[in-house]
Amino acid sequence: YFLPSALQIGSVFQKSGLKYSGGVINEPGNVSKYESKTSKLLNFGTYSADLAYCILNGQSQVAMNQLTSLKALADGLGMESIFGSDKMFRQFENNMGNQDSIIDVMIQIQEKLDMYIDDNDMQSSANIMFAGAWIEGMYIGVKATNEEKEERITKRLVEQMVILDNLVKAVQSVENATTDLTAIEDQLKSLKIFFDGLEEVKSAEGVRDIELTINHLKEIADRIVEMRQSIVDPV
């Protein structure tokens, strides 16, 4: 199964007109809350999606805070080599006025992460990270949408729902899943069953033909918000 990167998800929404909205992203100060490995991995995905969202919307200083949060989680997971020395941070700071250069830094992070995962046989960890990134990306799409762009953003939300099948398979493939991850898996499966069972989904010829009712869109949004809350603010 194919899972896109956080930057790819963010780019899909950004190209549809999704603008930056303060207060939507996960607070950097929350990093200290994440004590279990599962929580760290899920929120590594969360901050990755936030970083992409900030960079694509020209919020360089806020993006720097999210990058710092990512490094703290990577260190806590024993993945210090992804960020290495402070060179990457200096490169980021020196290019804060150049969006293309900052995007290059994020691509470098993704490439190093992919290599680290391959070298250390950590596909299960990568799947958990992606779950966090996908949920955060969908959450941003839901919370940052304004009425002017609502129809276009809704189309992107529906298209991202197609990834849900692969995401469920990815999470199911994780061996010795923790209680926290099992809870997320159950919520994702429930969301997939709900979405697939909608009459407007079953009757559509393709994903671009799906026109969700306001009530069904609200139900999907509420489920995503609930999942995201359980990740960024664990009990």
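For the structure itself, look to the data block above.
Here's a quick rundown of the structure. Once a new chain begins, its residue numbering starts again from 1 and follows that chain's sequence as written. Thresholds applied to this predicted model are a pLDDT of at least 70 for local features of residues and 80 or more for the giving and counting of side-chain atom pairs; totals over whole chains, interfaces and linings are not thresholded and use all residues. Each side-chain value is derived from all of the structure's non-hydrogen atoms; neither hydrogens nor water enter the calculation.

**Things to note about the pattern of salt bridges**
Any Lys or Arg side-chain nitrogen found within 4 Å of a carboxyl oxygen on Asp or Glu counts as a salt bridge. Taken as a whole, this structure holds 11 salt bridges when the rule is applied. Note that Asp233 and Lys33 form a salt bridge whose closest N and O atoms lie 3.2 Å from each other. Note that Asp233 is positioned in the segment after helix H11 (214-232) and Lys33 in the loop between helix H1 (6-14) and helix H2 (37-56), a separation of 200 residues in sequence. Each residue is placed in one exposure class: buried if its accessible area under a 1.4 Å probe, protein chains only, is under 20% of its type's maximum, exposed if it is over 50%, and partly exposed if it falls in between. Accessibility expressed as a relative area gives 36% for Asp233, which makes it partly exposed. The class of Lys33 is partly exposed, set by a relative accessible area of 38%. Linking Lys189 and Glu185 is a salt bridge whose minimum nitrogen-to-oxygen distance equals 3.2 Å. Starting at the N terminus, helices and strands are each numbered in turn, a helix being any DSSP run of H or I of at least four residues and a strand any DSSP run of E of at least two.

**Structural notes on a negative patch on the surface**
Patches here are clusters of residues that have more than 30% relative accessible area and form no salt bridge, with a 9 Å joining cutoff for like charges and a 5 Å cutoff for nonpolar side chains (Val, Leu, Ile, Met, Phe, Trp, Tyr). Note on areas: these come from Shrake-Rupley sampling with a 1.4 Å probe, and a residue is covered only by the protein chains present in the view. Counted charges follow a simple rule, with Lys and Arg positive, Asp and Glu negative, and His plus the chain ends left uncounted. Here the site of a charge means NZ on Lys, CZ on Arg, CG on Asp, or CD on Glu. A contiguous patch of negative charge on the surface is contributed by Glu111, Asp114, Asp118 and Asp119. Inspection of the secondary structure assignment puts Asp118 in helix H5 (residues 99-119).

**A few points about the packing of helix H6 (residues 123-143) against H11**
Only the stretch in contact is used when a helix axis is fitted, and all axes are lines through C-alpha atoms; the angle between N-to-C directions ranges over 0 to 180 degrees. It is the contact of H6 with H11, at a shortest axis distance of 9 Å, that shows an interaxial angle of 130 degrees. In terms of their interaxial angle, H6 and H11 are classed as oblique. As H6 packs across H11, the resulting crossing turns out to be left-handed. Residues Gly132, Ile135, Glu136, Met138, Tyr139, Val142 and Lys143 of H6 pack against Ala221, Ile224, Val225, Met227, Arg228 and Ile231 of H11. Each residue belonging to the contact of H6 with H11 can be placed in one class, and the counts come to 9 nonpolar, 1 polar and 3 charged. Should an angle lie under 35 degrees it is considered roughly parallel, over 145 roughly antiparallel, and from 65 to 115 roughly perpendicular; all remaining angles are considered oblique. Crossing chirality is assigned from the near helix's rotation relative to the far helix, an anticlockwise turn below a right angle marking it left-handed and a clockwise turn marking it right-handed. Between two residues, a contact is recorded if the distance between any of their heavy atoms is within 4.5 Å. Gly falls in the polar group here, along with every residue not listed as nonpolar (Ala, Val, Leu, Ile, Met, Phe, Trp, Tyr, Cys, Pro) or charged (Asp, Glu, Lys, Arg).

**As for the packing of aromatic side chains**
A pair of aromatic rings is counted whenever rings of Phe, Tyr or Trp (Trp by its six-membered ring) have centres within 6.5 Å, and the orientation is called stacked for planes under 30 degrees apart, edge-to-face for over 60 and tilted otherwise. One pass over the structure, following the stated rule, counts 1 aromatic pair. Charge-over-ring placement is defined geometrically: NZ (Lys) or CZ (Arg) within 6 Å of the ring centre, and within 35 degrees of the ring normal. Over the ring of Phe194 we find Arg223; its NZ or CZ atom is 4.7 Å from the centre of that ring.

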